[in-house]
Amino acid sequence: MEETLIGNGAPGFRPLYRQVKDVLVRRIADGRWQGGQMIPSEFQIAAELSVSQGTVRKALDDMTAENLLVRRQGKGTFVASHDENRILFQFFKLGRDDGQREFPESEVVSVGRTRADPVTQEKLALVAADSVVTIRRLRSLGGERVIAETIVVPAARFPGLERGEVPNNLYGVYAARYGVTVARANERLKAVACPAFAANALGLAVDAPVLSIDRLAYDLDGTPVEWRLSLCRTDQCHYLSDLK
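Summary of the structure given here. Quantities reported herein were computed from a predicted structural model and do not represent experimental measurements.

**Here's the deal with helix α3 (residues 53-65)**
Part 1 of the argument: For α3, which comprises 13 residues, the first-to-last C-alpha distance of 18 Å matches the rise-based estimate of 18 Å (1.5 Å per residue) to within 8%.
Part 2 of the argument: Along α3, the residues classified as buried are Thr55, Val56, Ala59, Leu60 and Met63. Here the buried residues of α3 occupy an arc of 130° about the axis, which is enough to place them on one side.
Part 3 of the argument: Packing partners of the buried residues in α3 comprise α1 (16-29), α2 (42-49) and β1 (69-72).
Part 4 of the argument: Residue Asn67 follows α3 closely and has a positive phi angle near 65°.

This is how it looks when you write it as structure tokens:
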């Protein structure tokens, strides 16, 4: 497919580096560039798109800041993979009070496919006839259960997800098996009373205070692809956000 950029004087002009960035993000979204793959050099991209290396560098800087690319000194620039280290520091913000950062272990409680209810339809931009896959699991840090989690995804985007093994690293599966890259997520935090199903699993009293993390994750096109509700005990853990 030919990729063209809009000239500086054309109607609807956007900064050239943003146009270059859009072209390169589309290559990841379309699967032309895969997670872990080294991308062409700035010189090669600039020559291909007929722009300056400075323009390409600015586009790549943006993509690196958004964790879509990873620069490795002396090796090149690579498409970011959803490995555990990336997820831990980009998407998983719950840490132990002793300061240890670790990727949580998971126990799958149930996996099933159902029709999307009205709340899920609104969250994931679905219609009443659409089906979703719902995963319920418990997550542990340091051998202690600290999170009761419910994950809902559109069945059409992830066919067969409910029939196979559900691994700990779901974002990696989304990318490797289905070509869906989680580019960003929006989280809403609130203190709530723990419901009975989560209290029993986490060893808490019913209505004990827990932290509710309501996360909506989006792909590279800005389409919502996952709704995740995590109920977290915080007597030994805390939510950490590094503001820069």
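**Observations concerning empty space enclosed by the protein**
Part 1 of the argument: In total, this model carries 2 cavities of 30 Å³ or more according to the counting rule given.
Part 2 of the argument: Taken as a whole, the largest cavity holds about 210 Å³ of empty space.
Part 3 of the argument: Elements with a contribution of two residues or more to the lining of the largest cavity: β5 (131-141), β6 (144-154), α6 (170-178), β8 (209-218) and β9 (224-232).
Part 4 of the argument: In terms of residue count, the dominant contributor to the lining of the largest cavity is β9 (3 residues).
Part 5 of the argument: Here the lining of the largest cavity is built from residues that sort into 11 nonpolar, 3 polar and 7 charged.

**As for the packing of α1 against α3**
Part 1 of the argument: For the pair α1 and α3, the least separation of the axes is 8 Å and the interaxial angle reads 55°. Taken together, the axes of α1 and α3 lie oblique to each other. In this structure, α1 crosses over α3, and the sense of that crossing is right-handed. Within the contact between the two elements, α1 uses Leu16, Tyr17, Arg18, Val20, Lys21, Leu24, Val25 and Ile28 and α3 uses Thr55, Val56, Lys58, Ala59, Leu60, Asp62 and Met63.
Part 2 of the argument: When the residues that make up the contact of α1 with α3 are grouped by side-chain class, the tally is 10 nonpolar, 1 polar and 4 charged.

**A look at the nonpolar core**
Part 1 of the argument: Counting 20 residues, the largest nonpolar core has Leu24 and Met63 as the members making the most contacts within it.
Part 2 of the argument: Within the residue set of this core, elements represented by two or more residues are α1, α2 and α3.
Part 3 of the argument: Here this core gets 5 residues from one element, more than from any other, and that element is α1.
Part 4 of the argument: Apart from the residues lying within four places of it in its own chain, the contact partners of Met63 are Lys21, Leu24, Val25, Ile28, Leu68 and Leu69.
Part 5 of the argument: One finds Val133, Phe158, Val182 and Val225 within the second-largest nonpolar core, a separate group that totals 18 residues.

What counts as what
- Residues numbered from 1 in each chain as written.
- Predicted model: local features only at pLDDT ≥ 70, side-chain atom pairs only at ≥ 80, totals over all residues.
- Heavy atoms only, no water.
- Helix = DSSP H or I, 4+ residues; strand = E, 2+ residues; numbered from the N terminus.
- Expected span 1.5 Å × (residues − 1).
- Buried < 20%, exposed > 50% of the residue type's maximum accessible area, 1.4 Å probe, protein only.
- Arc of directions from axis to C-beta.
- Contact = heavy atoms within 4.5 Å.
- 1 Å grid on protein atoms, 1.4 Å probe; cavity = no way out; pocket = protein on both sides within 12 Å on 5 of 7 lines; lining within 4 Å.
- Points joined across faces, edges and corners; volume = space filled by probe spheres on them.
- Nonpolar A, V, L, I, M, F, W, Y, C, P; charged D, E, K, R; others polar.
- Axes fitted to C-alpha atoms, helices over the stretch in contact; angles between N-to-C directions.
- Parallel < 35°, antiparallel > 145°, perpendicular 65-115°, else oblique.
- Left-handed = near helix turned anticlockwise from the far one by under 90°.
- Core = buried A, V, L, I, M, F, W, Y, C linked by side-chain atoms within 4.5 Å.

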